[in-house]
Amino acid sequence: MLEVPAPACAAAPRLRADAVRNRERILAAARELFADEGADVPLDEIARRAGVGNATLYRNFPDRPALIHQVALSVMERVLDRARTALTSEGDPFQALCEFVHGSADEHIGALCTMLTERVEQQDEDEYFALKAATERVVDQLMVRAREAGSLRADVAPGDLFVALGRLSRPMPGGDCLKLDQSMLIHRHLQLFLDGLRAPAPSVLPGRAITLDDLRRPN
């Protein structure tokens, strides 16, 4: 009796639940340490933070570029999920925008995105930039919804929000010397910025609204 060959499109075997948990712990540890110490932090320190052995880390991520690649994707996926959740919220549109901004700060977007994007760009990573573009579209919709509700000032654009988020969600240089919680400082100053976005606008902004095109590097 002839054996029927397996279809060429058969799905790859799924990871065991414990393997998935280990992978997620490694990514979470890498996000935190990259944000705190930079992308050149020793990999064995990431393994220790994740509570796994070095062999487990290398089994999932064979080298540093592979780990950076996956951390960058992980950050963008999580930020995009937060943006989509905010967009589907049935509550106040401006409050949904605020929740997205504070949630993105919790993902270390300010500390990680510039550092990781520069390394990912060298690989011409289509998947990463597709996630980034999707996030920009959803955030634009968030701002349009808040503006239409009359709670977002008219003279700001998504580029303004992303610039402020990137700057204000980074830990302060030399912050270890301060007797203040870095996360508290980040969220406090982000809220000050968000209050400045509310309509009616209390002042006239210099210049013009910053668009997403303004933030893109020329080819």
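Overview of the structure.

**Some details on the overall build of the protein**
Okay, step 1: Of regular secondary structure, the protein possesses ten helices and zero strands.
Okay, step 2: For the protein, the α and β elements follow one another from N to C terminus as α-α-α-α-α-α-α-α-α-α.
Okay, step 3: In the protein, which comprises 219 residues, the proportion classed as buried is 41%.
Okay, step 4: Considering only intrachain contacts with a sequence separation of at least 6, the fraction spanning at least 24 residues in the protein is 74%.
Okay, step 5: Summing over all exposed atoms, the protein offers an accessible surface of approximately 13000 Å²; the carbon and sulfur share of this is 53%.

**A look at the environment of P171**
Okay, step 1: Take P171: it is sitting in the loop between α8 (158–168) and α9 (182–197).
Okay, step 2: Owing to a relative accessible area of 37%, P171 belongs among the partly exposed residues under this scheme.
Okay, step 3: For the pair P171 and Q182, spaced eleven residues apart in the sequence, the C-alpha separation amounts to 6.2 Å.
Okay, step 4: Apart from the residues within four sequence positions on either side, P171 is in contact with A111, Q182 and I186.

**Structural notes on the pattern of salt bridges**
Okay, step 1: With the rule as written, the count across this model stands at nine salt bridges.
Okay, step 2: Between R48 and D44 there is a salt bridge, with its nearest N and O atoms 3.9 Å apart. One end of the pair, R48, and the other, D44, are both in helix α2 (residues 43–50), four residues apart, so they sit about a helical turn from each other.
Okay, step 3: With relative accessibility at 58%, the residue R48 sits in the exposed group.
Okay, step 4: Measuring nitrogen to oxygen at the nearest pair gives 3.0 Å for the salt bridge that ties E107 to R82. With E107 in the loop between α5 (93–106) and α6 (109–121) and R82 in helix α4 (residues 64–87), this residue pair connects regions lying 25 residues apart in the sequence.
Okay, step 5: Within this structure, K132, E136, D213 and R216 form a network of salt bridges that share partners.

**Focus: the packing of aromatic side chains**
Okay, step 1: Counted under the stated rule, the structure contains one aromatic pair.
Okay, step 2: A centroid spacing of 5.3 Å and a plane angle of 85° characterise the contact between Y128 and F129, whose relative ring orientation is edge-to-face.

**Some thoughts on the environment of R137**
Okay, step 1: Mapped onto the fold, R137 is located in helix α7 (residues 126–148).
Okay, step 2: On the accessibility criterion, R137 (53% relative accessible area) is exposed.
Okay, step 3: It is 9.8 Å that separates the C-alpha atoms of R137 and L80, two residues lying 57 residues apart in sequence.

Thresholds applied
Residues numbered from 1 in each chain as written. Predicted model: local features only at pLDDT ≥ 70, side-chain atom pairs only at ≥ 80, totals over all residues. Heavy atoms only, no water. Helix = DSSP H or I, 4+ residues; strand = E, 2+ residues; numbered from the N terminus. Buried < 20%, exposed > 50% of the residue type's maximum accessible area, 1.4 Å probe, protein only. Contact = heavy atoms within 4.5 Å. Areas by Shrake-Rupley, 256 points an atom, 1.4 Å probe, with all protein chains shown as cover. Salt bridge = Lys/Arg side-chain N within 4 Å of Asp/Glu carboxyl O. Phe/Tyr/Trp six-rings, centres within 6.5 Å; stacked < 30°, edge-to-face > 60°.

Any link to function would need more than the numbers given here.
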